[in-house]
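Chains, contacts and geometry: an overview
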Amino acid sequence: RELAVVVGTRPEIIKMAPVIRAAEGRFDLHLVHTGQHYDDEMSGAFFESLDLPRPDDNLEIGSGSQAEQTASGLVGVEEMLVEREPAAVLALGDTNAVLSTALAASKLSTKFGHVEAGLRSFDRTMPEEVNRVVADHVADFSFAPTAKAIEHLEDEGVTAGVYETGNTIVDACRDHAPLAAERSSVLADLGIAGHDYVAATIHRASNTDDPERLRAIMDALDDASAPVVLPAHPRTTNVLDEMGYEPSGSLELVEPLDYLDFLQLLNNARVAVTDSGGIQEEASILEVPCLTVRPNTERPETVDAGVNELVEPDELGRRLETLLTDDAAREAMTGHPDLYGDGSAGEHIVDVLHTRTGGE
Ligand code: UD1
Ligand code: UDP
């Protein structure tokens, strides 16, 4: 039996890795990369550091408008599904690759499994929210990471084929953090070994597409009383270059890091500042307090547990300083590494698929 798996961007490669590993030997795998992320440091490098099989197809959709990316992915995934006739196709999360896969599969009546189902920010201005909602409503199998995600699905009438599996980020993070500690020299390379520092990433369209908002975030980081390392997503680098932005204080902008280097950077940070979805989860798993520069989050479990806070750019500097200088305040934002499961999500998902597509 063949299982098709579609990925398109950095987080999908990382989070799908535990599913791909668990599926090896139980399914014939057909791995498709839509090519939404194409730079080696946003894509190819992860196949190496996660020891994944190379994609069988790359649709090379590249960058473009929401419609361009979704439409090219839709045509490419449809062709693949018609040719391969897999027992099921999987996609993960909320990117345009997920929307393309969900639409192509449902129109062909190919079984579609949505990994990381049921997340909601309730903010329809985010392209990701639209992608999540559509994918969840056409999925045959919804692999929900948490009880809250299941509640969201139930509230929208999605009750069939729903499984609570935990999030595969836990599997990935737990497998790779010890390897990262052993192999990565990133802290020495950046000259921050043994120091208190901040690990930061910013790439969300709502932050990068408004240059004044982006400048306010960067200025708050640049004014911090400890080093701030920010591996910049190409989207962010493009805008900062256009603005001619040059940090002059604590902020160090570096190229996107390999997964092991990033995990090592995050795991040893005093505080994380981000607008990433996956990094909110990883920070909770690694027990690093997280400040999320967004008005809302589809990872509310972290906020409810007190390990993640939503901040606006004008409050970022103050909150960051508190966590850099007050040990008790920092300590209070740790201690919930299990919000997203126990690290067996990949196995659980593959077990369900194996049974539901005719296995024993
Ligand atoms: C996409 C996802 C977002 C996810 C993020 C992960 C959608 C709608 N958005 O956003 O949910 O959090 O990936 O990182 O699917 N670029 C490069 N090289 C690359 C990739 C991108 O230079 O390899 C630049 C291009 O200028 C491109 C811009 O980054 O226009 C944005 O890339 P895009 O794939 O459209 O969206 P992301 O911001 O990466
Ligand atoms: N990540 C990485 N290198 C970096 C920045 C992030 O390997 O320089 C990893 C991080 O560990 C997490 C994932 O990329 O697993 C998050 O991806 P991103 O923030 O691009 O997307 P999102 O999760 O917001 O969709």
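The structure presented is a predicted model; accordingly, all values stated were derived computationally and were not measured. Throughout this description, residue numbers start from 1 for each chain and increase along the sequence as written. Working convention: letters from A go to chains and numbers from 1 go to ligands, in the order in which they are written. A pLDDT threshold of at least 70 governs which residues receive local features in this predicted model, and a stricter bar of 80 or more applies before side-chain atom pairs are shown or counted, although totals over entire chains, interfaces and linings include all residues. For the side-chain quantities, the full set of heavy atoms in the structure was used; hydrogens and water were omitted.

1. Some remarks on unusual backbone geometry
Backbone geometry places Glu-85, a non-glycine residue, at a positive phi of 45°. In this model, Ser-109 sits at a positive phi of 55°, which is unusual for a non-glycine residue. Examined against the element boundaries, Ser-109 turns out to sit in the loop between α4 (96-107) and β5 (112-115). For the purposes of this entry, the term helix denotes a DSSP run of H or I that reaches at least four residues, the term strand denotes a run of E that reaches at least two, and both are numbered from the N terminus.

2. A short note on the confidence of the model for the protein
Of the residues in the protein, 99% have a pLDDT of 70 or more, and the chain-wide mean is 97. What pLDDT reports is the predictor's confidence in each residue, on a scale of 0 through 100. Averaged pLDDT values over the elements of the protein bottom out at 96 in helix α2 (residues 44-49) and peak at 99 in strand β12 (residues 290-292). The ipTM, which scores confidence in the relative placement of chains, is 0.99 for this predicted complex, and the corresponding pTM is 0.98.

3. Considerations on the pattern of salt bridges
Any Lys or Arg side-chain nitrogen found within 4 Å of a carboxyl oxygen on Asp or Glu counts as a salt bridge. Across all of its chains, the model carries 22 salt bridges by this definition. The salt bridge involving Arg-294 is made with Glu-298; its shortest N-O contact spans 2.8 Å. Of the two residues, Arg-294 and Glu-298, neither departs from the other in class, the shared state being buried. Residues participating in the shared-partner salt-bridge network are Lys-15, Asp-94, Glu-116, Glu-129, Arg-132, Glu-281, Arg-294, Glu-298 and Arg-299. Working definition: with a 1.4 Å probe on protein chains only, accessible area under 20% of the residue-type maximum means buried, over 50% means exposed, and in between means partly exposed.

4. Brief notes about the site of ligand 1
If a single non-hydrogen atom of a residue is within 4 Å of a molecule or strand, that residue counts as near it. Close to ligand 1 lie 20 residues; His-37, Tyr-38, Glu-128, His-203 and Arg-235 are nearest. Polar contacts, as counted here, are pairs of nitrogen or oxygen atoms within 3.5 Å of one another; within protein the pair requires one atom able to donate a hydrogen and one able to accept it, and residues that are adjacent in sequence qualify only if both atoms are side-chain atoms. In this structure, an oxygen atom belonging to ligand 1 sits 2.7 Å away from a side-chain N or O atom of His-37. His-233 is positioned with one of its side-chain polar atoms (N or O) 2.9 Å from an oxygen atom of ligand 1. Areas reported as accessible are Shrake-Rupley estimates using a 1.4 Å probe. Residue values count occlusion only from the protein chains shown. Within the complex, 86% of the 750 Å² of free accessible area of ligand 1 lies under protein. Of all the secondary-structure elements, those providing two or more residues to the shell around ligand 1 are α3 (66-84) and α11 (234-243). In terms of residue count, α11 provides more of the shell around ligand 1 than any other element does, three residues in total. Tallied by class, residues from the shell around ligand 1 come to four nonpolar, eleven polar and five charged. Here the nonpolar group is Ala, Val, Leu, Ile, Met, Phe, Trp, Tyr, Cys and Pro; Asp, Glu, Lys and Arg are the charged ones; every other residue, Gly included, is treated as polar.

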